[in-house]
Each structure stands twice: as C-alpha cells, then as structure tokens.
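Summary of the model geometry
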Amino acid sequence: MIIPDEAHMHDLGVQLAHGLASGEIVTLSGPLGAGKTVLARAIIGELGFTGDVSSPTFAIIHEYDEPGMRLPVVHADLYRLDDPEEIEELGLFDNRDRVLLVEWPGMGGAALQGADLEIVIDPLPDGSRSVEVKDKRKRI
C-alpha cells in the first residue's frame, strides 16, 4: 500500500493497534526517517498510552504500561546493537503478556524471524511511503 504522508501513517498505526493481542511481536523495518517511530507512536497511543512516545534509539527499550492501557507495550530499537546475540541480554522475550514493537529487527538476527506482524516501510521519491504488512498470525 502507498501511504502519502505522516497523518496517514498514523492512521495505519491506529488500525493495526486494534488487531493486536497480548504476546504478539511486531517488527518495523525501513531506513532512517522512513516512519517506523511514527507508526509505533500511533500504535502505542491507540493502545491507551497518554504520554509522549519517543524513539528508543539511545535507550534501546522503552516500556509503556500505565493504567487504562488495553495492552502494555515494549518498544525496542535495535539499531545500536553490535551483535545479534545481544538481543538475549535485553530480555525482550522474558514476559509474553505485552506487545513487543521492534524497530530495526534485522539487527536481532534469527530471534525475530517469527514475528507475528512484519511491517516494511520504503520511502518513495515523492515523499510517500510504500508499506508492506505481512500478517503471520493464525487466527480462527
């Protein structure tokens, strides 16, 4: 799908949030400035977080779990990892009662290949974005 601007990227995040369930892993891939954090911010906000959502690039992990949220969220940015094995030290998979949003999943190696939703964002020359959503969840 083609997303023309940031407002529509936000709308996509809101839509995706409605279908998320506890324990699901969502990966967000694309180059710097593609809109990964915009999408994550919309998902986290729609799940009920009312504060500021910033990129976890330097902290690597931000956790969102406040009263009133439909689901708690862990938002990780693996851009700064030097080795895929470092993902084990982060404890991302220790608690499966939350949604895990991961930017730069390729830096996590094979550990994230089983993501429930894989979202790939590619900037286009006109400023819009090509977004591919692969839903690997098995729903009855």
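Keep in mind the model is a prediction, meaning the values are calculated, not measured.

Calculation notes
Residues numbered from 1 in each chain as written. Predicted model: local features only at pLDDT ≥ 70, side-chain atom pairs only at ≥ 80, totals over all residues. Heavy atoms only, no water. 1 Å grid on protein atoms, 1.4 Å probe; cavity = no way out; pocket = protein on both sides within 12 Å on 5 of 7 lines; lining within 4 Å. Points joined across faces, edges and corners; volume = space filled by probe spheres on them. Nonpolar A, V, L, I, M, F, W, Y, C, P; charged D, E, K, R; others polar. Salt bridge = Lys/Arg side-chain N within 4 Å of Asp/Glu carboxyl O. Helix = DSSP H or I, 4+ residues; strand = E, 2+ residues; numbered from the N terminus. Buried < 20%, exposed > 50% of the residue type's maximum accessible area, 1.4 Å probe, protein only. Axes fitted to C-alpha atoms, helices over the stretch in contact; angles between N-to-C directions. Parallel < 35°, antiparallel > 145°, perpendicular 65-115°, else oblique. Left-handed = near helix turned anticlockwise from the far one by under 90°. Contact = heavy atoms within 4.5 Å. Pairing = 2+ DSSP bridges.

**Here's the deal with empty space enclosed by the protein**
Under the criterion given, the structure shown has one cavity of 30 Å³ or more. Of the volumes computed, that of the largest cavity is approximately 40 Å³. Every residue lining the largest cavity is listed: Gly23, Glu24, Ile25, Leu92, Phe93, Asn95, Arg96, Arg98 and Leu100. Residues that form the lining of the largest cavity fall into these classes: four nonpolar, two polar and three charged.

**Some thoughts on the pattern of salt bridges**
Counting across every chain of the model gives four salt bridges. With a closest N to O distance of 2.8 Å, Glu118 and Lys136 form a salt bridge. Linking Glu118 in strand E6 (residues 117–123) with Lys136 in the segment after strand E7 (129–135), this pair joins segments that are 18 residues apart in sequence. You can call Glu118 buried: its relative accessible area is 18%. For Arg137, the salt bridge goes to Asp135, with nearest N and O atoms at 2.8 Å. Salt bridges linked by common partners bring Glu24, Asp135 and Arg137 together as one network.

**What to know about the packing of helix H1 (residues 6–18) against helix H2 (residues 36–46)**
In the contact formed by H1 and H2, the axes pass within 7 Å of each other and the chain directions differ by 45°. With respect to their mutual orientation, H1 and H2 come out oblique. Crossing handedness for the pair H1 and H2: right-handed. For the pair H1 and H2, contact is made by Glu6, Met9, His10, Leu12, Gly13, Val14, Leu16, Ala17 and His18 and by Val38, Leu39, Ala42, Ile43 and Glu46, respectively. Partitioning the contact of H1 with H2 into residue classes produces nine nonpolar, three polar and two charged.

**A short note on the sheet that holds strand E2 (residues 25–29)**
Paired through backbone hydrogen bonds, the strands of a sheet run either parallel or antiparallel to each other. The mixed open sheet is built from seven strands, whose spatial order is E1-E7-E6-E2-E5-E4-E3. In the strand order of this sheet, the two ends are held by strand E1 (2–3) and strand E3 (61–64), each with one partner. Judged from the four bridges that link them, E2 and E6 form a sheet pairing that is parallel. The residue bridging Leu28 from the neighbouring strand is Ile119, located in E6. The sheet contacts of H1 involve E1, E6 and E7, and relative to E7 the element is tilted by about 10°. Here H2 sits on the sheet in contact with E2, E3, strand E4 (73–77), strand E5 (99–103) and E6, set at roughly 165° to E5.

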